[in-house]
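What follows is each chain in one-letter form.
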Amino acid sequence: MNEEQNVNGTNEQYGGSSIVVLEGLEAVRKRPSMYIGDTGEKGLHHLVYEVVDNSIDEALAGFCSKINVSINEDNSITVEDNGRGIPVDMHPKEHRSALEVVLTVLHAGGKFDKSSYKVSGGLHGVGVSCVNALSTYLKATVRRGGKMYEQEYSIGKPQYAVREVGPAEGTGTTVTFKPDETIFTYTTKYKWSILANRLRELAFLNKGIEINLTDKRTTDENGNAQEQKTERFYSENGLIDFVNRMNEGNNSIVGKPIYISKADGEIPVEVALVYNDSYKEDVLSYVNNIHTIEGGKHLDGFRRGLTRSIKAWADLNKKFDKLKDITIAADDFREGLTAVISVKVMEPQFEGQTKTKLGNLEADKAVADAVGTAMTNFLEENKDQANAIVEKVILAATARHAAAKARQTVQRKGVLRSGGLPGKLADCSEKDMKVCELFLVEGDSAGGSAKQGRDRRYQAILPLRGKILNVEKAQWHKAFESDEIKNIYTALGVTIGTEDDSKALNISKLRYNKVVIMTDADVDGSHIATLILTFFFRYMRELIDNGHVYIATPPLYLCKKGKVEQYCWNEDQRITFLKTYGDGTNESVHVQRYKGLGEMNPKQLFDTTMDPEKRTMRQVHIEDAIEADHIFTMLMGDDVEPRRVFIEKNATYANIDA
């Protein structure tokens, strides 16, 4: 063996024995993030998706109509389908049951045989074998040929050969697994909301398939008591139902969604779209049920086909002639557009940072042709809807032109002011953004307390007057006419607009690492916080995605008994204090309810809400971007009925005026 000297001057041996060969599923356990993304909450839920994807593939092949997913009492997961059942006969090459091969060998499965599956979900073909490797326990039960078979595994290793356990009615596969706590050290508790959102999405993308989610736990993921619950996800109209749900809170200007389906080519294309009276574009794209977050060729083809067909109809009917000094941009054709694009590709090629950007060139042409032909026919046959769409395009172009002027004004005034900062901003002395914090505070009263109580070295205060503009209901340029929103832009130091994208946000000169929304703990305060969050979600999404946005949590009560003082952030803490020091009554305990931040003196506000050593802040992150978009549209849009239903279903304490 050769000895070599490293850069530190020490000798090290490097030879054949230094090369480590990982056998079987060892590679998955050694580097789990390579296979499932991460070992946090996202990776934990991805295990479920891998098993469900197998059942969905059976559905795509036409052999499965029902999938049941259960969160069991011990937080294990069971996925059951009525597909053909994984084969259990001997594999000719491996000389063991095909079921065992599927569950223990990477890149093994029917997806690689195009006579079995023409298309399939998943990105890497590692699927259920990864789930097996990362689980302390997994049991597979197969119903096939009138018989039932089973096999159990521990950390990916079979405990016995596949065995027949009795007769069976029908066919299908059931997989139960329990994630390994030594791998998923952050959490092994499944969230109902995350699983429900994904299963609902799959039901929309695969119409006619019934998916049931059941939670058998007696406590939820936060430890609160709950009863068993089940939700059924089923869509008869597929993408049309999907678009209708996405469009809740908006008013359609073309009636019911436009549906496009072309299944006779090498790449089946399915699209549903609607134009509404909002000022945003909301388009989702999928390949083989995979959400392509970064888009790709199918999205390019959709945009090209849509733009060309609308522009051709408008030019033919001379609709753009009244625009003199305003040119139409590609973005203008998509303002107020809500759409879902779903394609099935036999051999998808993914690229991009998240490996969810479709690179197949043939998908561009397939989607462009399908959308172009269908939209041309629709516009010719529906003149009223065609006029409404074109008027929407003209309105978008006009607003974009106005926004460009407003944006230039904002950025020009920012430079002309002293330091380019708003007059109400009480800035911090520290210039290193990594340690700086900006508190967006409701009102001048609370702003005054915050300014006096803060640590001036690294905490800046920007008071906001009243309720800021609801950007969900406003045109893009209206935001830049709002003094409060202009102050937020200039205080943060961010800019907007590039040559390629007039709405792009540049945060390279962001002045604060934490942007903290601090409002009163009452209904008005919650509304103001929601308005600010809506603004960040629609206009400064990058701040949320990069973990810069937080919500302060001031206490609701100050409880006193003699020399004992305690701040209470919720009702349970107040009741506990009363039971401990006042026999459960208010008679001997003084309870002060903080209706607003201004009721606290500067020291109290700092000690409870701003002091990094004592405070509790909630970081804003987007668990599911699709569901977040839907909720913002529903809560902040014009349509009242979906909002009323949501409040009735989710409010803990609410007086609903029907």
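Now for a quick tour of the structure. (Residues numbered from 1 in each chain as written. Predicted model: local features only at pLDDT ≥ 70, side-chain atom pairs only at ≥ 80, totals over all residues. Heavy atoms only, no water.)

**So, the overall build of the protein**
And then number 1: The helix and strand tally for the protein stands at 19 helices and 28 strands.
And then number 2: Going through the 658 residues of the protein one by one, you find that 50% of them count as buried.
And then number 3: In the protein, of all internal contacts separated by at least 6 residues, the share reaching a separation of at least 24 is 68%.
And then number 4: Here the protein has roughly 32,200 Å² of accessible surface; of this, 47% comes from carbon and sulfur atoms. (Helix = DSSP H or I, 4+ residues; strand = E, 2+ residues; numbered from the N terminus. Buried < 20%, exposed > 50% of the residue type's maximum accessible area, 1.4 Å probe, protein only. Contact = heavy atoms within 4.5 Å. Areas by Shrake-Rupley, 256 points an atom, 1.4 Å probe, with all protein chains shown as cover.)

**Some remarks on the packing of helix H6 (residues 192–205) against helix H7 (residues 239–246)**
And then number 1: Where H6 contacts H7, the axes come no closer than 7 Å and their chain directions differ by 135 degrees. The orientation of H6 relative to H7 falls into the category oblique. Between H6, through Arg200, Glu201, Phe204 and Leu205, and H7, the contact on the second element is made entirely by Leu239, Asp241, Phe242 and Arg245.
And then number 2: Of the residues that constitute the contact of H6 with H7, the class distribution is four nonpolar, no polar and four charged. (Axes fitted to C-alpha atoms, helices over the stretch in contact; angles between N-to-C directions. Parallel < 35°, antiparallel > 145°, perpendicular 65-115°, else oblique. Nonpolar A, V, L, I, M, F, W, Y, C, P; charged D, E, K, R; others polar.)

**So, the environment of Pro158**
And then number 1: Counting through the fold element by element, Pro158 comes out in strand S7 (residues 157–158).
And then number 2: Through-space distance from the C-alpha of Pro158 to that of Asn132 is 9.8 Å; in sequence the pair is 26 residues apart.
And then number 3: In this view, Pro158 contacts Glu100, Thr104, Gln151, Glu152 and Tyr153; residues no more than four positions away in its chain are not counted.

**Here's the deal with unusual backbone geometry**
And then number 1: Backbone geometry places Asn75, a non-glycine residue, at a positive phi of 70 degrees.
And then number 2: Positionally, Asn75 belongs in the loop between strand S3 (66–71) and strand S4 (77–81).
And then number 3: For Lys318, which is not glycine, the phi dihedral falls at a positive 55 degrees.
And then number 4: Tracing the backbone shows Lys318 in the loop between helix H8 (297–316) and strand S16 (337–343).
And then number 5: For Lys318, a relative accessible area of 59% gives the class exposed.

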